[in-house]
Structure formats: structure tokens, C-alpha cells
Amino acid sequence: MNVADLSLPGKDAMGVEITDLYARKPPVYGVYRTARSVMVHFADETDLANAQRAELARLNPLRGEINGLIDGWRTSARGGARRARAERYDRRVGDALVVAFEGDVDTAQQLLTGIKQDILGERVGAGRVEYLAAALATGLGVLFLILLATLIGNFHGTSLALWRSAAAGTGGAFFSIALAIRSRTVLPDLQRWSNVIDAGLRMLIGAISGPVLMGLILSGLVTITLGSARFGPNLLWINVLIAGFIAGFSERFVPDILEKAAVSTDQPPVRPIIAEAERTRMAAAAGEAEKASEAPEADPVPEEAATDACACDVDLPDDQVTQDVDLPGASGGVAKAETVAAEAA
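Values in this document were obtained by computation on a predicted structure and should not be read as measured data. Residue indices begin from 1 for each chain and proceed along its sequence in written order. Confidence filtering applies because this is a predicted model: local features only for residues at pLDDT of at least 70, side-chain atom pairs given and counted only at 80 or more, and all residues used for totals across whole chains, interfaces and linings. Side-chain numbers here rest on the full set of heavy atoms in the structure, without hydrogens or water.

Q: Which residues make up the overall build of the chain, and what values do they have?
A: If you tally the helices and strands in the chain, you get 10 helices and 5 strands. Exposed residues in this analysis have more than 50% of their type's maximum accessible area, buried residues have under 20%, and partly exposed residues fall in between, with area computed by a 1.4 Å probe over protein chains only. Burial statistics for the chain: of 345 residues in total, 28% are counted as buried. Contact criterion: two residues are considered in contact whenever any of their non-hydrogen atoms come within 4.5 Å of each other. A separation of at least 24 residues holds for 59% of the contacts in the chain among residues at least 6 apart in sequence. Surface accessibility of the chain: about 22,500 Å² in total, with carbon and sulfur atoms responsible for 59%. Numbering of helices and strands runs from the N terminus; a helix is a DSSP stretch of H or I covering at least four residues, while a strand is a stretch of E covering at least two. In this description, accessible areas are obtained by the Shrake-Rupley approach with a 1.4 Å probe, and a residue is regarded as covered only by the protein chains that are shown.

Next comes the structure, spelled out in C-alpha cells:
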């Protein structure tokens, strides 16, 4: 089959129905679309076709990644919106391949990279919507079960406070998820069930953390201080709601408290028992050492204690004394006037 044989409607060399014909330049190349992906038809001349395959080979990984991201859109049975998105991205891929056939493969690679990023951004945006919807559905289900349990059980006092804290923890968890999605700090998975499970677990953690924190506060094991207000073991409904909301909003608050509590339950190290006599002996030894450190140091030569530092009053042996006649003559200085006059006469 030659490039000129490509037509719409028609089939390609593999017998697959052609749905769109993006470019056809006989006998050099052809770019078209089938129901499965964007395809190319290389040149009719063998050597040129081999050169084209070698040149466009580095684009194949990007084309494969793009096809993997939008394959589900092409065969979607839920309507034409996803199929329209797939056709739009296939058109952009076809235009990039035409640029590559015209000799600018580097630009074509950049175009395909941009197409892949756009598809990922759209998939992540859809994942955020699924994440938020799953969290909302889980939260409404938990609140419905709490309402049903409180109506049937007719709880009062501490038990009612725990149920209320569970409801407040559910609201706090949803509030945290909503803020994270708004600030783009939640990166959802490209798989739907992964998003549903993650969102549902976060909501359940918030619903469980609320009564756990309230139980710790009511038992007096934990106190919470906000500004000058301190939450103690009381059953005011506003305190119950605030404590539960804090536990649900901060995903790591209650787990961190439980981890610290687990560490504090370890037994302290056993200290050796010292006999009373041994303890007394050690105390006496310590006292003697302290007294010894405070006593003044002894003079190493007490017989020279009264001796002045000057050697003029010390009797020296004759062999250590230098006579005046043996001393060198004086030099320098200023002579007296009468001595100068006598020498001049």
C-alpha cells in the first residue's frame, strides 16, 4: 500500500478503518487516526522509509505514554465528552508528527511532551473532583450512621459527648481535605479506586480521632489549650465539638499522642540496691575528699619562708663573689663639670 492509497473513508495497510486523515504527502508520508491511536504511513521508497523510522523512533515512548493516558477515553461508553477530548489530543499528536516528518523532530518532541503534561493535568483535575466527591459521600454516610445511632440508643452524658465528637471529627476531616484540594497540596492518583479509598480512609480516621481525643480529655490524660482557654474534663457541647473538630482536622494529632503514650508505658530501668553500710562508707569517703580539696597546700621549703627575694642579705661563698676590680668599666653617661675641667687642665 502506498501513501496515495490512504483515503477517508478507507482502510490502512493493516486493514484498520481510518477515522481521520490528518496529512498525506505522496510518496513521502501520511498521518491518520484510527479508533485505537494516531498512526503514520512512511515513504513508499524503502531507503527513505527506513531513515524516517530511525529518525522518529525517539518519539515512540512519548506516543506510547500519551496513548496509555487517553485509551480509556477513546472507548468510553459514558458519552461523547471523553471521546471528544481524545480526538482533540489525537489531533495535536498528528500535528506534531507532521512537524517531525517535515524534518524538525526536536520541536515535535517538545510538542508531544506538552501534550502529555496537558493530559496529566486534566487527569489530575478529574482525580481531585473524584477525591472530594468520595470524601463527601463518606462523610455524609458516617454522619447518617451517627444520627441513627444516637436516635435509637438515646444516649446521654459522656456517651452522647463521644458521638458528638465523632461527628465533629468527620466535619474536621472534610474541612482539611477541602483546604488541601483548594491549595493543590493533595495529589490524587490517576486510578479512581485509589482516590476513593484514600479519601474514605481519611474521613474514617477523622471520625475515629474525635471520640478518642474526647475520651483522653474526659479521663484527664490530655488537656488542650487554645490561647487563654483550656479544655478540661467537662461536657460542654461546644467544647466537645471543638475538640472533635481539632482531632479530625489534624490528621496526625491523635496518632502522635498515642505514639507518645505507647513510649511512656515502658518500665523504668532497675537501679541496683546498695546496702546501708556501703552507702555510709561512700558518703564518708566523699566528705573526706571534699575536706582534702579545701585544705591549703603545704609549703615545699618551709626553712626559706622568711627569706626575702633580694639576694643582698644572703651570704654567698667566695667562689661565687666577683670583686670590684674584676668588673668591666662603665660606659656611656654624662660626666660632671668639675671632672671635665680637671681633665682639661
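Q: How would you explain the nonpolar core if you had to name every residue and give the values?
A: As a rule of thumb, nonpolar side chains are buried together in soluble globular proteins. In terms of nonpolar packing, the biggest core is built from 27 residues, with Val 31, Leu 59, Leu 112 and Ile 119 touching the most fellow members. Sorting the residues of this core by element identifies β1 (18-25), β2 (29-34), β3 (38-41), α1 (46-56), α2 (60-74), α3 (80-101) and α4 (105-153) as the ones contributing at least two each. Here this core takes 7 residues from α3, the largest share from any one element. Setting aside chain neighbours within four positions, we find Leu 112 in contact with Leu 59, Leu 62, Arg 63, Ile 66, Val 93 and Ala 96. The term nonpolar core refers to a set of buried residues drawn from Ala, Val, Leu, Ile, Met, Phe, Trp, Tyr and Cys, joined through side-chain atoms within 4.5 Å.

Q: Mind laying out the pairing of β1, listing which residues take part and the relevant values?
A: The pairing of β1 with β2 spans 6 bridges and is classified as antiparallel. Across the sheet, the residue bridging to Lys 25 is Tyr 29, located in β2. Any two strands with at least two DSSP-identified bridges between them are counted as paired. Counted along the chain from β1 to the antiparallel partner β2, the turn is 3 residues long.

Q: Tell me about α1, and name the residues and values.
A: Within the span of α1, buried status applies to Ala 49, Gln 52 and Leu 56. Angularly, the buried residues of α1 cover 60 degrees about the axis, an arc narrow enough to put them on a single face. Those residues of α1 that are exposed and angled more than 90 degrees off the buried face are Thr 46, Asp 47 and Ala 54. Residues of α1 that are buried make contact with α2 and α3. Capping the start of α1 is the job of one residue whose side-chain oxygen sits 3.2 Å from the backbone nitrogen of Asp 47: Glu 45. This arc is built from the directions going out from the helix axis to the C-beta atoms. Counted as a polar contact is a pair of N or O atoms within 3.5 Å, where, for protein atoms, one must be capable of donating a hydrogen and the other of accepting one, and residues adjacent in sequence contribute only when both atoms are in side chains.

Q: Mind laying out the packing of aromatic side chains, listing which residues take part and the relevant values?
A: Two rings belonging to Phe, Tyr or Trp (six-membered ring only in the last case) form a pair when the distance between their centres is within 6.5 Å. Interplanar angles under 30 degrees mark stacking, angles over 60 mark edge-to-face geometry, and anything in between is tilted. Summed over the entire model, instances satisfying the criterion amount to 7 aromatic pairs. Residues Phe 245 and Phe 249 carry aromatic rings whose centres are separated by 6.3 Å and whose planes lie at 10 degrees to one another, so their mutual orientation is stacked. Taken together, the residues Phe 245 and Phe 249, both in helix α7 (residues 237-249) and 4 residues apart, mark about one turn of the helix. A relative accessible area of 34% means that Phe 245 is categorised as partly exposed. For Phe 249, a relative accessible area of 35% translates into the label partly exposed. A connected cluster of aromatic rings, assembled from ring pairs, spans Tyr 29, Phe 42 and Phe 101. Should the NZ of a Lys or the CZ of an Arg lie within 6 Å of a ring centre and within 35 degrees of the ring normal, that charge is described as sitting over the ring. Directly above the ring of Trp 73 sits Arg 85, whose terminal nitrogen or CZ lies 4.9 Å from the centroid. Directly above the aromatic system of Tyr 89 lies the positively charged group of Arg 88, at a separation of 5.1 Å from the ring centroid.

Q: Quick one: what's the story with the pattern of salt bridges, residue by residue and with numbers?
A: Just to be clear on terms, a salt bridge is a Lys or Arg side-chain nitrogen sitting within 4 Å of an Asp or Glu carboxyl oxygen. Counted under the stated rule, the structure contains 11 salt bridges. In this structure, Glu 102 and Lys 25 form a salt bridge, with 3.5 Å as the shortest nitrogen-oxygen distance. Note that Glu 102 is positioned in the loop between α3 and α4 and Lys 25 in strand β1, a separation of 77 residues in sequence. We note a salt bridge from Asp 90 to Arg 74, for which the minimum N-O separation is 2.7 Å. Taken together, the positions of Asp 90 in helix α3 and Arg 74 in helix α2 put the pair 16 residues apart, joining distant regions of the chain. The two residues Asp 90 and Arg 74 agree in class, both being buried. Overlapping salt bridges bring together Asp 20, Arg 33, Asp 71, Arg 74 and Asp 90 as one network.

Q: Account for the sheet that holds β2, naming residues and giving values.
A: Read across the sheet, 3 strands follow the order β1-β2-β3 without closing on themselves; strand pairing throughout is antiparallel. Where the open sheet ends on each side, the last strands, each with one partner, are β1 and β3. Along the sheet, successive strands turn relative to each other by an average axial angle of 20 degrees, direction set aside. With 4 bridges connecting them, β2 and β3 associate as antiparallel partners. Within β3, the residue paired with Arg 33 across the bridge is Val 38. Only the stretch in contact is used when fitting a helix axis, every axis being a line fitted to C-alpha atoms; angles between N-to-C directions are given from 0 to 180 degrees. Together, β1, β2 and β3 form the strand contacts of α3, whose direction differs from that of β2 by roughly 170 degrees.

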